[in-house]
Amino acid sequence: MTEAVVEIYADGACRGNPGPGGWGALLRTRGRERELWGGEPATTNNRMELLAVIRALETLRRRCAVRVYTDSQYVQKGISEWILDWKRRGWRTASKSPVKNLDLWQRLDALAQGHEIEWHWVRGHAGHEGNERADALANRAIDEMALQR
């Protein structure tokens with residue numbers, strides 16, 4: 001029997017950058033769905049994009065085949081291209097400056113090692129159903145934080 005693939009649609013949002021931010025993730029496997037969302041009162045869009053994927057991967061209890069869909073080229077290129085050079089340079093960019101959001105990149109890197117992941121970029125706000133749902137969850141998190149104040 002072939003192992004089911006877990007599809008993750010992840011998105012982050014920020015109202016102001018920095019500002020209040022939210023992340024959202026939609027997980028799909030074997031005909032079931034799970035929605036996750038959360039936020040932080042003072043953050044950046046890139047941190048929320050990363051956190052959406054991290055939180056989704058943290059829910060997986062065993063090694064999985066995963067397809068991650070994100071509208072963030074920062075996340076998609078960062079994890080599939082740039083990270084190898086960052087690590088080789090001691091977590092420094094090509095210009096020798098420290099990698100931003102290092103704590104989250106290291107968490108994502110560690111989580112990704114436990115799975116077989118395909119990283120897919122999708123155009124944001126272009127009607128991609130999974131991405132639109134993740135975006136709505138990220139904005140829901142921001143709205144819920146505003147109500148709690």
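Residues numbered from 1 in each chain as written. Predicted model: local features only at pLDDT ≥ 70, side-chain atom pairs only at ≥ 80, totals over all residues. Heavy atoms only, no water.

So, about the sheet that holds strand 3 (residues 32–43). For sheets, the rule is that strands pair by backbone hydrogen bonds, running either parallel or antiparallel. An order of 3-2-1-4-5 is seen for the 5 strands of this open sheet, with the pairing classed as mixed. On the outer flanks of this sheet lie strand 3 and strand 5 (116–121), each paired with one strand and no other. Sheet twist, expressed as the average angle between the axes of neighbouring strands with direction ignored, equals 20°. Pairing between strand 1 (residues 5–14) and strand 4 (residues 65–70): 6 bridges, direction parallel. Pairing of E7 across the sheet is with R67, part of strand 4. Lying on the sheet, helix 1 (residues 45–58) is in contact with strand 1, strand 2 (19–29), strand 3, strand 4 and strand 5; it crosses strand 1 at an angle near 155°. On the sheet, helix 2 (residues 73–88) packs against strand 4 and strand 5 and is oriented at approximately 140° with respect to strand 5. (Pairing = 2+ DSSP bridges. Helix = DSSP H or I, 4+ residues; strand = E, 2+ residues; numbered from the N terminus. Axes fitted to C-alpha atoms, helices over the stretch in contact; angles between N-to-C directions. Contact = heavy atoms within 4.5 Å.)

With 16 residues, helix 2 extends 21 Å from end C-alpha to end C-alpha; this agrees with the ideal 22 Å at 1.5 Å per step. At W82, helix 2 shows its largest kink, close to 60°. Every buried residue of helix 2 is accounted for by Y74, V75, Q76, G78, I79, I83 and W86. Structurally, helix 2 contributes buried residues whose contacts are with helix 1, strand 4, helix 3 (102–112) and strand 5. Positioned one or two residues after helix 2, G90 has a phi angle of 70°, which is positive. (Expected span 1.5 Å × (residues − 1). Bend = angle between axes of the 7 residues up to and from the residue. Buried < 20%, exposed > 50% of the residue type's maximum accessible area, 1.4 Å probe, protein only.)

All right, on to the nonpolar core then. Counting 32 residues, the largest nonpolar core has I8, V66, W105 and L108 as its most contacted members. Element by element, the count of residues in this core is highest for helix 1, at 8 residues. The contact partners of V66, leaving out residues within four places of it in the chain, are V6, I8, L57, L60, H115, E116, I117 and E118. Within the second largest apolar cluster, 5 residues are counted, among which are Y9, L26, Y69 and A134. (Core = buried A, V, L, I, M, F, W, Y, C linked by side-chain atoms within 4.5 Å.)

We now examine the packing of aromatic side chains. A full pass over the atoms with the stated rule returns 4 aromatic pairs. Between Y9 and Y69 the ring centres are 4.9 Å apart and the planes differ by 15°, which places this aromatic pair in the stacked class. Of this pair, Y9 sits in strand 1 while Y69 sits in strand 4, placing them 60 residues apart in sequence. As far as burial versus exposure is concerned, Y9 and Y69 are alike and both buried. Between the aromatic rings of W82 and W86, the centroid separation amounts to 6.0 Å while the plane-to-plane angle is 55°, which identifies the pairing as tilted. Remark: W86 and W82 occur in helix 2; sequence separation between them is 4 residues, near one turn of the helix. Looking at W82, the relative accessible area reads 34%, which means it is partly exposed. Taken together, the ring pairs connect Y74, W82, W86 and W105 into an aromatic cluster. (Phe/Tyr/Trp six-rings, centres within 6.5 Å; stacked < 30°, edge-to-face > 60°.)

Looking at the element boundaries, D11 is found in strand 1. Although buried, D11 forms no salt bridge, and the nearest oppositely charged side chain, R15, lies 11 Å from it. The residues touching D11, leaving out its near neighbours within four places in the chain, are G22, W23, G24, M48, E49, A52, D71, N131, A134, D135 and A138. (Lys, Arg positive; Asp, Glu negative; His and termini not counted. Salt bridge = Lys/Arg side-chain N within 4 Å of Asp/Glu carboxyl O.)

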